[in-house]
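One letter stands for each residue in the lines below.
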Amino acid sequence: MRSWFILCVALANLALGCGGGEVAAAEELQHVVSAAAPLEGVGAAQVSAPLVTRDTLFGDVAHYRFRVRVGAGAHDFVTLHRVVREDAAWRPARATRSVFMVHGDGWGFEAAFLSSVGSAHVPVDHSIAAYMAKEGVDVWGIDLRWVGVPQATQDFSFMANWTLGTHAQDVGTGLTVARAVRLATRSGAGALHLMGWSRGAAVTYAYLNLEARLPRALRQVDGFIPVDMAVRYSPQDAEQRDWACERHAVLSAARQAGRVEGGLLGPAPGITLQTIGFLAETAPSAPSPLLPEDVFGPGTGIPSNRKVAIVSAAATGALLAPLKPVAPGYHLMAGAPDATGLPASLVFTREEYVYEYSQRAAPYQSLNEVVESDAWACGLDVPYDDHLSRVKVPVLYVGAAGGVGRYGEHSLTQLGSQDVTVLIARTLPESARALDYGHADLFLADDARERVWKPMLQWVRSH
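(A) Structural view of the overall build of the chain. Secondary structure summary: the chain contains 13 helices and 14 strands in total. Buried residues in the chain amount to 60% of all 463 residues.

(B) Here's a closer look at helix 10 (residues 351-359). Summarising burial for helix 10: seven of the nine residues are buried, a large majority. Taken as a whole, helix 10 has its buried residues at Glu-351, Tyr-353, Val-354, Tyr-355, Glu-356, Tyr-357 and Ser-358.

(C) Main features of the confidence of the model for the chain. Confidence in the prediction of the chain, expressed as mean pLDDT, is 90, and 88% of residues score 70 or more. Confidence drops under pLDDT 50 across residues 1-19; counting only partners more than four residues distant or on other chains, this segment forms 38 contacts. With pLDDT under 50 throughout, residues 39-44 is counted as low confidence; its partners more than four residues away or in other chains account for 13 contacts.

(D) Representation of the side chain of His-439 within the structure. With respect to the helices, strands and loops of the structure, His-439 is situated in the loop between strand 14 (420-425) and helix 12 (441-444). Residue classification places His-439 among the buried positions, given a relative accessible area of 3%. Apart from the residues within four sequence positions on either side, His-439 is in contact with Trp-197, Ser-198, Asp-228, Tyr-330, His-331, Leu-332, Ala-400 and Gly-403.

(E) Structural view of the state of the cysteines. Counted according to the given criterion, the structure contains one disulfide. What pairs with Cys-245 in a disulfide is Cys-378, and their sulfur atoms sit 2.0 Å apart. On the S-S bond that ties Cys-245 to Cys-378, the torsion sits near 95°, and the link is right-handed. Note that Cys-245 is positioned in helix 7 (residues 238-256) and Cys-378 in helix 11 (residues 368-378), a separation of 133 residues in sequence. With relative accessibility at 24%, the residue Cys-245 sits in the partly exposed group. The buried category is assigned to Cys-378, whose relative accessible area is 10%.

(F) Representation of the pattern of salt bridges. Enumeration over the complete set of coordinates arrives at 25 salt bridges. For Asp-385, the salt bridge identified is with Arg-232, shortest N-O distance 2.9 Å. Of this pair, Asp-385 sits in the loop between helix 11 and strand 13 (395-400) while Arg-232 sits in the loop between strand 10 (221-227) and helix 7, and the two are 153 residues apart along the sequence. What makes Arg-232 buried here is its relative accessible area of 15%. Between Arg-406 and Asp-237 there is a salt bridge, with its nearest N and O atoms 3.4 Å apart. Here the residue Arg-406 occupies a position in the loop between strand 13 and strand 14, and Asp-237 occupies one in the loop between strand 10 and helix 7, the gap between them amounting to 169 residues.

(G) Spotlight on the packing of aromatic side chains. With the rule as written, the count across this model stands at 16 aromatic pairs. Pairing Tyr-131 with Trp-453 gives two aromatic rings, centres 5.9 Å apart and planes at 40°, and the pair type is tilted. One end of the pair, Tyr-131, is in helix 4 (residues 128-134); the other, Trp-453, is in helix 13 (residues 448-462), with 322 residues separating them in the sequence. Overall, the relative accessible area of 5% leaves Tyr-131 in the buried class. Judged by its relative accessible area of 0%, Trp-453 is buried. Seen from their ring centres, Tyr-205 and Trp-376 are 6.4 Å apart, and the 75° between their planes marks the pair as edge-to-face. Here Trp-376 lies in helix 11 and Tyr-205 lies in helix 6 (residues 199-211), a separation of 171 residues in the sequence.

(H) Broad picture of the packing of helix 7 against helix 11. Contact geometry of helix 7 with helix 11 gives a least axis separation of 8 Å together with a crossing angle of 150°. Taken as a pair, helix 7 and helix 11 cross one another with a handedness that is left-handed. Between helix 7 and helix 11, the residues in contact are Arg-241, Ala-244, Cys-245, Arg-247, His-248, Leu-251, Ser-252 and Arg-255 and Asn-368, Val-370, Val-371, Asp-374, Ala-375, Ala-377 and Cys-378, respectively. Within the contact of helix 7 with helix 11, the residues separate by chemical class into eight nonpolar, three polar and four charged.

(I) Here's a closer look at the environment of Leu-290. Position of Leu-290 relative to the elements: it lies in the loop between helix 8 (269-282) and helix 9 (305-314). Counting along the chain gives 12 residues from Leu-290 to Ile-302, while the straight-line C-alpha distance between them is 9.4 Å. Discounting chain neighbours no more than four positions away, the residues touching Leu-290 are Thr-275, Ile-276 and Leu-279.

(J) Local environment of the side chain of Thr-166. Here Thr-166 is to be found in helix 5 (residues 164-184). Engagement of the side chain of Thr-166 in a polar contact is seen with the backbone oxygen of Asn-161, the distance being 3.1 Å. Filtering out sequence-adjacent residues up to four positions away, Thr-166 remains in contact with Arg-145 and Asn-161.

(K) The arrangement of the nonpolar core in detail. Phe-100, Phe-113, Met-132 and Met-456 are the most contacted members of the largest nonpolar core, which totals 137 residues. Here this core takes nine residues from helix 5, the largest share from any one element. Residue contacts for Phe-100: discarding those within four places in its chain leaves Leu-80, Trp-140, Gly-141, Ile-142, Val-171, Gly-174, Leu-175, Ala-178, Leu-192, His-193, Leu-194 and Met-195. Judged by nonpolar contacts, the second largest core, of five residues, contains Leu-251, Leu-367, Val-370 and Val-371.

(L) Representation of unusual backbone geometry within the structure. Backbone geometry at Arg-186 places phi at a positive 75°, although glycine is not the residue there. Relative to the helices and strands, Arg-186 resides in the loop between helix 5 and strand 9 (192-197). Among the residues examined, Arg-186 registers a relative accessible area of 42% and is labelled partly exposed.

(M) Structural detail: helix 6. Taking 1.5 Å per residue, 13 residues should reach 18 Å; helix 6 reaches 19 Å between its end C-alpha atoms and fits that length. When you tally the buried positions in helix 6, you get 12 out of 13 residues, the bulk of the element. Residues of helix 6 that are buried make contact with strand 7 (98-102), helix 5, strand 9, strand 10 and helix 11.

(N) Up close: the pairing of strand 4 (residues 61-69). The buried fraction of strand 4 amounts to seven of the nine residues, a majority that puts the element mostly inside the structure. Across nine bridges, strand 4 lies against strand 5 (residues 77-88) in antiparallel orientation. Bridge pairing links Phe-66 to Leu-80 in strand 5.

Rules and cut-offs
Residues numbered from 1 in each chain as written. Predicted model: local features only at pLDDT ≥ 70, side-chain atom pairs only at ≥ 80, totals over all residues. Heavy atoms only, no water. Helix = DSSP H or I, 4+ residues; strand = E, 2+ residues; numbered from the N terminus. Buried < 20%, exposed > 50% of the residue type's maximum accessible area, 1.4 Å probe, protein only. pLDDT = per-residue confidence, 0-100. Contact = heavy atoms within 4.5 Å. Disulfide = S-S within 2.5 Å. Salt bridge = Lys/Arg side-chain N within 4 Å of Asp/Glu carboxyl O. Phe/Tyr/Trp six-rings, centres within 6.5 Å; stacked < 30°, edge-to-face > 60°. Axes fitted to C-alpha atoms, helices over the stretch in contact; angles between N-to-C directions. Left-handed = near helix turned anticlockwise from the far one by under 90°. Nonpolar A, V, L, I, M, F, W, Y, C, P; charged D, E, K, R; others polar. Polar contact = N/O pair within 3.5 Å; in protein donor to acceptor, adjacent residues only side chain to side chain. Core = buried A, V, L, I, M, F, W, Y, C linked by side-chain atoms within 4.5 Å. Expected span 1.5 Å × (residues − 1). Pairing = 2+ DSSP bridges.

Written out as structure tokens, the structure is:
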């Protein structure tokens, strides 16, 4: 997949950890990233200015960003992230355990997995990437191409060929860079655990399918953590498969009509989410300009900005998504209902934190991966599962009982893995899943550290 000869040449001149000061260390890190992932038809991957950035988060934990060219187009970039403990500035500490994280719809790496940094409402280490790094894990991740598309963009034709396969290849590039940098910074060149949340899990399944065709010595993943996603439904869950087929039909029609951007919430879902969060934060009691009067029933009037934010976070398709969800009762955050049955408050995640989170959504997303993953879940033929039976790495499935939850377990049977662990964050019986732990509660809830992240960390350490 990648030329390790070029990488070794770069490493032969490496100064990281060998003196020369912070500037030299940063420059050598840039050389390693640039040499690590040559691309067919493009040449070596390029780390664009600013080549590498670094921020201290807290204590000895730092956050590195690498902007890497992955194609010839103006928007063919991904940003790679590394959150890791350091011995000194620009000197990552040696870490034997590593995880590469892939986000889902709406939010990039920092919003999805590092949302506590800069928050006014939770401790700075209250996010999974910060938590795992603090515990000695070398955390890597990626912003898929669409995360970096500017809000002012008008022509989205460049997204026409971005697919699940495109994103899977970009994950492969990210893994190669991560291994090169880990080797350069004394943590070895071994394979990484790969975690994908939501649509990101579909991307990581697609990547593993791609990697499974390679000789074992060239594979880059030694553990898989799909989080709250189904790529295939059980025969017993035929209704959910039918819902996927309905979504696929509607979104395929939009795609055939020429739309290449957006997803389940329309062509600019991130802008809608940003607006909801901003209005709820700045004018929570004011009437919402987003929804009509009596949208929640006769005589209910115009909902407040706060009400819109709570309902959009906790209600199943009641506000923004007219299409059927990926699972019954699916929601982002669990809510406590009022007398009308609509969510009146959040149960596990702080409201103000959700307002921040909404405002950090990426403006746009490419549509193809949404269409393709619904085709996959519908049972249609896709090019992303032909070799999954050859994937035999240890697997940890993490689900939210009020998200995809148990409906994601059948997808694990597509793999050839025998070492499979299932962790479902649950507080209520399955019959009450509409009120239980939500899809984003896994990463935002006050008790996510104990309920979700700590068991994940234990699995990473034992595998």
